[in-house]
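Coordinate inspection notes
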Amino acid sequence: MQVLSVTPEIFPLIKTGGLADVTGALPEALNGLGVRTRSLVPGYPVVMGALKKKKALHQYAVLQGGKAALHAAEIGGLDMLVLDAPHLFDRPGGPYGDATGADWQDNWRRFAALGRVGADIAAGALKDYKPDIVHAHDWQSAMTLAYMRYGEAANVPSVMTVHNLAFQGQFASSIFAGLGLPQQAMALDGIEYYGGVGFLKAGLQAAWAITTVSPTYAQEIRSPAFGMGLDGLINLRAGELHGIVNGIDDDIWNPETDKHLAATYTAKNLKGRKANKRAIEERMTLDRDDGPIYCVVSRLTWQKGIDILASIIDPVVASGARLAILGSGDAGLEGALLAAANRHRGRVGVVIGYDEGLSHLLQGGADGILIPSRFEPCGLTQLYGLRYGCVPIVARTGGLADTVIDANEAAVAAGVATGFQFTPEDAGAFHHAILRANALYADPAGWTSLQRQGMKSDVSWDRSAQKYAALYRMLLSKRDA
Ligand SMILES: Nc1ncnc2c1ncn2[C@@H]1O[C@H](COP(=O)(O)OP(=O)(O)O[C@H]2O[C@H](CO)[C@@H](O)[C@H](O)[C@H]2O)[C@@H](O)[C@H]1O
């Protein structure tokens, strides 16, 4: 079975968040199940730079205002189709905005182009390749499914995966004329969205199946509180909605071989974690002591509950814990964390920025990882935490609820606990969870058993890849029915 995955990010080439980890790891996991994935990605400068030799499979004289070409490439074991469209993608800054973080004004053009090309491939534009299934990730890829629906690939089964419903790709209705879609598409059951155009909305309407990245989030987004304006549509399509929890790439995230660690270790022998903890203390100028260090690796945003974290730093420090925080995002939240680091020198370390290596070291040496998200479609950092014996302390929402087993008395007695959950997502409950973690940390045998239990959790892609493969097969039988 051939699957075309359309994605705006793919690890290791281009990553701003968890989406890249997923689209980078899922192809290999599916490979063993007889599913071959080709990934269509925009030709950002880093992607073009990784292309060894360029051989255009397909050319466009004009695609959204300029020349474009499609190149095949094998990069890091991934089979890719790269959309080279310099007028859209060859620019400095991030994939969606400039160096100051401001969105590119022509994002609608950039990702309409990606969608157009995805749909052309689905319709058979390439000589030697036609996918059986098209799988689109988030709003940036969602127009693929709209172009398929209103074009020549309406009979090709498609999957729309929502990694985060908060990002929807909403634009003014004036862009409609530039999309090249038939007028009938500008309708309530098409791409029209609250008077404008909604890219994710269009994908959700057009997809044969909709998935999101955990069963609990799949339920949550059917409610107004989590549905971000799309709960009505999602409820209408509830019969086609599936929640499949993410896995992790267990070659990249393996404490036994991880090159970013000061010392590697196994579940049996956790000694190496101590050297990593010392390395964190050095790197983040924290005092050296034997109390717990809790880390944070996150986008610094409201979604991630970083304001809740900032509001309890003083009592957490007073409880004897130290904090090691890595992230970037909202300027206000960055400032609040830096101010806390200033107030609590040696107790709170903050690194503002994006640092893949440091994120591994934190998982390999911190005692716990704090994830106070207000909503969390899946969450990957708690999965890395489980694999690394870095105990997750998480809000009970979305994928966090599905993947961490709270250390309540019954779970501890049964030996199945893997972390701490709290609810509601507020300062009081979060603080209480950290105090519960401190108490268990003071009992080394109890803490070690929590770590080991977490390290035993199956966080690999195996089970989830099987679910995607089964979904693809179900869609193919629907096509053939
Ligand atoms: N400053 C930093 N330095 C280095 N690494 C950093 C970093 N900040 C974040 N990261 C890394 O980025 C990834 C973030 O993963 P999350 O699951 O938190 O995803 P995110 O919210 O971006 O994406 C959405 O998509 C994913 C994938 O489906 C869902 O899990 C999630 O719930 C949803 O919100 C992790 O690999 C993490 O280690």
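Cut-offs used in this document
- Residues numbered from 1 in each chain as written.
- Predicted model: local features only at pLDDT ≥ 70, side-chain atom pairs only at ≥ 80, totals over all residues.
- Heavy atoms only, no water.
- Helix = DSSP H or I, 4+ residues; strand = E, 2+ residues; numbered from the N terminus.
- Rg over C-alpha atoms; globule rule 2.2 N^0.38 Å.
- Buried < 20%, exposed > 50% of the residue type's maximum accessible area, 1.4 Å probe, protein only.
- Areas by Shrake-Rupley, 256 points an atom, 1.4 Å probe, with all protein chains shown as cover.
- UniProt positions renumbered as here; feature names shortened; annotations may be inferred.
- Pairing = 2+ DSSP bridges.
- Axes fitted to C-alpha atoms, helices over the stretch in contact; angles between N-to-C directions.
- 1 Å grid on protein atoms, 1.4 Å probe; cavity = no way out; pocket = protein on both sides within 12 Å on 5 of 7 lines; lining within 4 Å.
- Points joined across faces, edges and corners; volume = space filled by probe spheres on them.
- Nonpolar A, V, L, I, M, F, W, Y, C, P; charged D, E, K, R; others polar.
- Phe/Tyr/Trp six-rings, centres within 6.5 Å; stacked < 30°, edge-to-face > 60°.
- Polar contact = N/O pair within 3.5 Å; in protein donor to acceptor, adjacent residues only side chain to side chain.
- Contact = heavy atoms within 4.5 Å.
- Near = heavy atom within 4 Å.
- Core = buried A, V, L, I, M, F, W, Y, C linked by side-chain atoms within 4.5 Å.
- Expected span 1.5 Å × (residues − 1).
- Bend = angle between axes of the 7 residues up to and from the residue.

1. A word on the overall build of the protein chain
Of regular secondary structure, the protein chain possesses 20 helices and 18 strands. In terms of C-alpha radius of gyration, the protein chain reaches 23 Å, essentially the compact-globule figure of 23 Å for 481 residues. Judged by the C-alpha coordinates and their principal axes, the protein chain covers about 65 × 45 × 40 Å. Residues counted as buried form 59% of the 481 residues belonging to the protein chain. Of the roughly 18,700 Å² that the protein chain leaves accessible, carbon and sulfur atoms contribute 53%.

2. A closer look at the UniProt feature "domain: Starch synthase catalytic" (unreviewed entry) in the protein chain
According to UniProt, the positions carrying the feature "domain: Starch synthase catalytic" (unreviewed entry) are residues 2-235. As annotated, residues 2-235 comprises 32% helix and 25% strand, and the C-alpha atoms at either end are separated by 30 Å.

3. Quick notes on the sheet that holds strand 1 (residues 2-6)
Here we have nine strands laid out as an open sheet, ordered 3-4-5-2-1-6-7-11-12, and mixed in their pairing. Only two strands of the sheet have a single neighbouring strand rather than two, namely strand 3 (56-63) and strand 12 (241-243). Pairs of neighbouring strands in the sheet enclose a mean axial angle of 25 degrees, with direction left out of account. Where strand 4 (residues 66-75) lies against strand 5 (residues 78-84), seven bridges are found, and the strand directions are antiparallel. Bridge pairing links A69 to D84 in strand 5.

4. Observations regarding the sheet that holds strand 16 (residues 368-371)
The strands making up a sheet associate through backbone hydrogen bonding, with each pair oriented either parallel or antiparallel. Strand order in the open sheet formed by six strands is 15-14-13-16-17-18, and the pairing between neighbours is parallel. Each end of this open sheet is capped by a strand with a single partner; those strands are strand 15 (348-352) and strand 18 (420-422). Neighbour-to-neighbour, the strand axes of the sheet open up by a mean angle of 20 degrees, direction not taken into account. As judged from the eight bridges shared by strand 13 (residues 293-300) and strand 14 (residues 322-329), these two strands associate in the parallel manner. When the bridges of strand 14 are listed, V297 appears paired with L326.

5. Digging into the layout of surface pockets
In this structure, the second largest pocket occupies an estimated 570 Å³ of space. Lining the second largest pocket are 35 residues, with G24, A25, P27, E28 and A29 sitting closest to its centre. With eight residues, helix 1 (residues 18-31) is the single largest residue contributor to the lining of the second largest pocket. The residue makeup of the lining of the second largest pocket, split by class, is 15 nonpolar, eight polar and twelve charged.

6. Here we look at the packing of aromatic side chains
Summed over all chains, the structure comprises 15 aromatic pairs. Seen in terms of ring centroids, W253 and Y388 are 5.8 Å apart; in terms of plane orientation they differ by 75 degrees. Their pairing is edge-to-face. Within this pair, whereas W253 is found in the loop between strand 12 and helix 10 (272-283), its partner Y388 is found in helix 15 (residues 381-388), the two being separated by 135 residues in sequence. One exposure class covers both W253 and Y388, and it is buried. With a centroid separation of 6.3 Å and 25 degrees between ring planes, the pair formed by F420 and W447 is classed as stacked. One end of the pair, F420, is in strand 18; the other, W447, is in helix 19 (residues 444-456), and 27 residues separate them in sequence. Pair check on accessibility: F420 and W447 agree, each one buried.

7. Some thoughts on the side chain of S464
Tracing the chain through its elements places S464 in helix 20 (residues 462-480). Assessed through its relative accessible area of 5%, S464 is described here as buried. Here the side chain of S464 touches V245 through a polar contact of 2.6 Å, landing on its backbone oxygen. When near neighbours in sequence (up to four residues on either side) are disregarded, S464 contacts I244, V245 and N246.

8. Looking at the site of the ligand
Surrounding the ligand, one finds 29 residues, the nearest of these being D21, H163, K304, E376 and G379. The backbone of G18 places a nitrogen or oxygen atom 3.0 Å from an oxygen atom of the ligand. Between the ligand and E376, the relevant distance is 2.5 Å, taken from an oxygen atom to a side-chain nitrogen or oxygen of the residue. Calculation on the ligand without its partners gives an accessible area of 710 Å², and the protein chains cover 96% of this total. Those elements that provide at least two residues to the shell around the ligand are helix 1, strand 13, strand 14, helix 14 (356-365) and helix 15. Here the element with the most residues in the shell around the ligand is helix 1; it accounts for four residues.

9. Brief notes about the nonpolar core
Grouped together as the largest cluster of nonpolar side chains are 76 residues, with contacts concentrated most on L40, L83, I121, L179, L181, F199 and L204. When residues in this core are grouped by element, the largest group, nine residues, is from helix 4 (residues 107-122). Sequence-distant contacts of L40, that is, excluding residues within four places in its chain, are made with L4, S5, V6, T7, L70, L81, L83, L114, V117, G118 and I121.

10. Section: empty space enclosed by the protein
A complete count under the given rule lists one cavity of 30 Å³ or more for this structure. If you add up the space inside the largest cavity, you get close to 60 Å³. Among the elements of the structure, strand 1, helix 1 and strand 6 (133-137) are those that each provide at least two residues to the lining of the largest cavity. Residue composition of the lining of the largest cavity, by class: six nonpolar, five polar and no charged.

11. Describing the UniProt feature "domain: Glycosyl transferase family" (unreviewed entry) in the protein chain
In this structure's numbering, the residues bearing the UniProt feature "domain: Glycosyl transferase family" (unreviewed entry) are residues 287-436. The span residues 287-436 is 43% helix and 22% strand, and its two end C-alpha atoms sit 22 Å from each other.

12. Some thoughts on helix 1
The end-to-end C-alpha distance of helix 1 is 21 Å, a good match for the 20 Å that 14 residues give at a rise of 1.5 Å each. Helix geometry: helix 1 is bent most strongly at A25, by close to 30 degrees, with proline P27 lying one to four residues after it. Burial analysis of helix 1 places ten of its 14 residues in the buried class, the great majority of the element. Listed in full, the buried residues belonging to helix 1 are L19, A20, D21, V22, T23, G24, A25, L26, P27 and L30.

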